[in-house]
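# Descriptive analysis of the structure
So the chains spell out like this:
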Amino acid sequence: MYHSRVVPNDLNAFWMPFTANRQFKQSPRMFVSAKDMHFTTTDGRKVLDGTAGLWCVNAGHCRPKITEAIREQAGELDYAPAFQMGHPLAFEFANRLVEIAPKGMEHVFFTNSGSESVDTALKIAIAYHRARGDGSRFRLIGRERGYHGVNFGGISVGGIVTNRKMFGTLLTGVDHMPHTHLPGQNSFTKGEPEHGADIATELERIVALHDASTVAAVIVEPVAGSTGVLIPPKGYLQKLRAICDKHGILLIFDEVITGFGRLGAPFAADYFGVTPDIITTAKGITNGVIPMGAVFVKKEIHDAFMNGPEHVIEFFHGYTYSGNPIACAAGIATLDTYKEEGLLTRGEELAPYWEEALHSLKGEPHVIDIRNIGLVGAIELEPIAGQPTKRAFQAFVKAFERGALIRTTGDIIALSPPLIITKGQINELIDHVREVLRAVD
Ligand code: PMP
């Protein structure tokens, strides 16, 4: 057993991702174990997981079936290359994924993360048009406040200003639609906002500017997660679909967060009744336990690649760990767990309770908006003048001290608990947030 419970004296070597490293290392927050809805900290405190880790541990922590599958697979076939050879589990897992995918999604390309899924999807989109002899379609259209991971493709189509200013020129040939967040019109909406679907017509304007014959794909998160849970207005995604269809443009849904039950349906595509051409996933695919991602594509897209001569590599792309056997075993056990416990649709049952609990925070100090869909929610706080993000960060630290894990992005608290949460635990989580809001400056 490795000593995951012993904190080393020196914390400097690990350059932590997305972390204020200097602040963290002065007063570290660390977990040493987890079970179901709770983490345990180094000082033995239980912390209620209000965020499913990072939107990924959908079935809760250390689930026996998944743990056992990993243990067994690690002793049976630890690794096998996926280039020009394979192993049965990857094919089985792909079949199982296709069974639960939206209709028409018939093929799966394995990656190791959401960022890799996104860059893979963008490459598939451009290469697909080329495979059909339409090499002029190279442009990609993303959206303001979109988050599509951290690789160069993802940050180029993404709409996060810090990424755009920190890393140079990014990909060329990329444009962005406006985001869908309209606080003046839609504050404190429960579920999908009524107003704002027309903003989708901005896509027509962007396409016209470049001419449709140059545009390969549009990518959006059906519900933008990391930039604060921005829920699409009613009819918006349907409009995007119609515009893409009209112009022969591929529509990509980035479902890294919304996939695997987060909204109360297996995928957001099911929830909204809009089927894209490509879906990117990761996180919940293995319950967050082993790094893995998958890109789902429609049959017609896959067919376009398969039409060339045999013995030629159709898509010159892949990763050393694509379809890794231990990740596949974890993934199959995850799907079994979701199925046995009805987790891919449990959010539907719980959503009304969740909605009421969240909106009971209206009127608490600093709260300027509350949003919810499925088992996701956001509480937006009024920023302290000249010190953006400070109040929400304070809330995060105070919640951690009280025994609840919440996530903050900008001045927004985002919640996305494991799908096994009970009504009692929903009350507990919301009570923690209420107390924290009353305690921050
Ligand atoms: N896309 C979306 C919509 C995401 O939310 C995330 C991660 N939060 C990613 C891509 C990137 O995933 P990863 O961190 O696994 O690379």
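Just so you know, these numbers come straight off a predicted model, no measurement behind them.

Next up on the list: the overall build of the protein. Along the backbone of the protein there are 16 helices and 15 strands. Over its C-alpha trace the protein gives a radius of gyration of 22 Å, about what one expects of a compact globule, namely 22 Å for 441 residues. With the principal axes as the frame, the protein shows a C-alpha extent of 65 × 55 × 45 Å. Taking all 441 residues of the protein together, the buried fraction comes to 47%. By sequence separation, contacts in the protein at least 24 residues apart represent 72% of the contacts at least 6 residues apart.

One can find P388 in the loop between β12 (376-381) and α15 (390-402). Under the C-beta neighbour-count criterion, P388 is labelled exposed, with 12 such atoms within 10 Å. Measuring from C-alpha to C-alpha, the distance between P388 and D411 comes to 6.8 Å, with 23 residues separating the pair along the chain. Excluding its chain neighbours within four sequence positions, the residues that come into contact with P388 are P383, G410 and D411.

Near the ligand, the surroundings consist of 14 residues, among which S113, G114, S115, G149 and V256 are the closest. At three residues, helix α5 (residues 114-131) tops the list of elements feeding residues into the shell around the ligand. Taken together, the residues that form the shell around the ligand break down as five nonpolar, seven polar and two charged.

Ranked by internal contacts, the top residues of the largest apolar core, which has 120 residues, are V218 and I278. Both domains that furnish three or more residues to this core are identified here as domain 1 (21-59 + 342-439) and domain 2 (68-340). Apart from the residues within four sequence positions on either side, I278 is in contact with A121, I124, A125, L250, I252, V295, F296, V297 and I301.

Here we come to the pairing of strand β1 (residues 31-35). As paired strands, β1 and strand β2 (residues 38-41) are joined by four bridges and run antiparallel to one another. Across the sheet, residue A34 finds its bridge partner in β2, namely F39.

Next up on the list: the pairing of strand β15 (residues 412-415). Side chains on a regular strand alternate between the two faces of the sheet. Neither face of β15 is left uncovered, since the one carrying I412 and A414 and the one carrying I413 and L415 both have all their residues buried. In the sheet, strand β14 (residues 407-409) pairs with β15 via three bridges, with the strands oriented antiparallel. Within β15, the position partnered with R407 by the bridge is A414. Between β14 and the antiparallel strand that follows it, β15, lie two residues; G410 among them carries a positive phi value of about 60 degrees.

The domain boundaries assigned to the protein delineate domain 1 (21-59 + 342-439) and domain 2 (68-340). At the level of elements, α2 (52-55), α14 (343-359), β11 (367-373), β12 and β15 are the ones that each hand at least two residues to the side of domain 1 that touches domain 2. In the side of domain 1 that touches domain 2, the residues fall into 15 nonpolar, 11 polar and seven charged.

Take the sheet that holds strand β3 (residues 46-49) next. Taken in spatial order, the four strands of this open sheet run β1-β2-β3-β13, and their pairing is mixed. Only two strands of the sheet have a single neighbouring strand rather than two, namely β1 and β13 (404-405). Of the strand pairs in this sheet, β2 and β3 are connected by three bridges, and their pairing is antiparallel. In the strand pairing of β3, F39 is matched with V47.

How two helices pack is summed up by the angle between their axes together with the distance between the axes. In contact at an axis separation of 9 Å, α15 and helix α16 (residues 423-439) are set at 130 degrees when each is read in the N-to-C sense. Taken together, the axes of α15 and α16 are oblique relative to one another. Note on packing geometry: the crossing formed by α15 with α16 is right-handed. Note on element contacts: α16 touches α15 through H432, V433, E435, V436, L437 and A439, opposite A395, K398, A399 and R402. For the contact of α15 with α16, the residue count by class is six nonpolar, one polar and three charged.

This part is about helix α4 (residues 88-100). With 13 residues, α4 should cover 18 Å at 1.5 Å per step; its first-to-last C-alpha distance of 19 Å lies within 8% of that length. Within α4, burial applies to L89, A90, F93, A94 and L97. Looking straight down α4, one finds that the buried residues subtend no more than 135 degrees of arc, so they occupy a single side. Facing away from the buried surface of α4 by more than 90 degrees, the exposed residues are P88, N95 and E99. Taken together, the buried residues of α4 touch β4 (105-111), β10 (293-298) and α13 (325-340).

Pairing is antiparallel in the open sheet, where four strands are placed in the order β11-β12-β15-β14. What marks the edges here is a single partner per strand, and that holds for β11 and β14. Going from strand to strand, the sheet's axes swing by 20 degrees on average, the running direction of each strand aside. Contacts from α14 reach β11 and β12 within the one sheet, and its direction differs from that of β11 by about 175 degrees.

Rules used in this analysis
- As a convention, each chain's residues are numbered from 1 in the sequence order in which they are written.
- Only residues with pLDDT of at least 70 get local features here, since the model is predicted, and only at 80 or more are side-chain atom pairs given and counted; chain-wide, interface and lining totals rely on the full set of residues.
- We count a stretch as a helix when DSSP gives it H or I for four or more residues in a row; a strand needs E for two or more, and each element gets its number in order from the N terminus.
- Using C-alpha atoms as the atom set, the radius of gyration is obtained and then compared with a globule rule of 2.2 Å times the number of residues to the power 0.38.
- Counting other C-beta atoms within 10 Å of a residue's own tells you its class, since 20 or more makes it buried, 12 or fewer makes it exposed, and anything in between is partly exposed; those C-beta atoms are placed from the backbone.
- What counts as a contact here is a pair of residues whose C-beta atoms, placed from the backbone, lie within 7 Å.
- What makes a residue near a molecule or strand is its C-beta atom, placed from the backbone, lying within 6 Å of it.
- The residue classification treats Ala, Val, Leu, Ile, Met, Phe, Trp, Tyr, Cys and Pro as nonpolar and Asp, Glu, Lys and Arg as charged. All others, Gly included, are polar.
- For this entry, the nonpolar core is defined as buried Ala, Val, Leu, Ile, Met, Phe, Trp, Tyr and Cys residues connected by C-beta atoms within 7 Å.
- Boundary definitions for the domains trace back to an automatic or database domain assignment.
- Any two strands between which DSSP finds at least two bridges are classified as paired.
- Axis geometry follows a simple rule: fit a line to the C-alpha atoms, using only the stretch in contact for helices, then measure angles between N-to-C directions, giving values from 0 to 180 degrees.
- An angle below 35 degrees is read as roughly parallel, one above 145 as roughly antiparallel, one from 65 to 115 as roughly perpendicular, and any other as oblique.
- Definitions for this section: a left-handed crossing has its near helix turned counterclockwise from the far helix by less than a right angle. A right-handed crossing has that turn clockwise.
- One fewer than the residue count of a helix, multiplied by 1.5 Å, yields its expected span.
- It is the directions from the helix axis to the C-beta atoms that the arc portrays.

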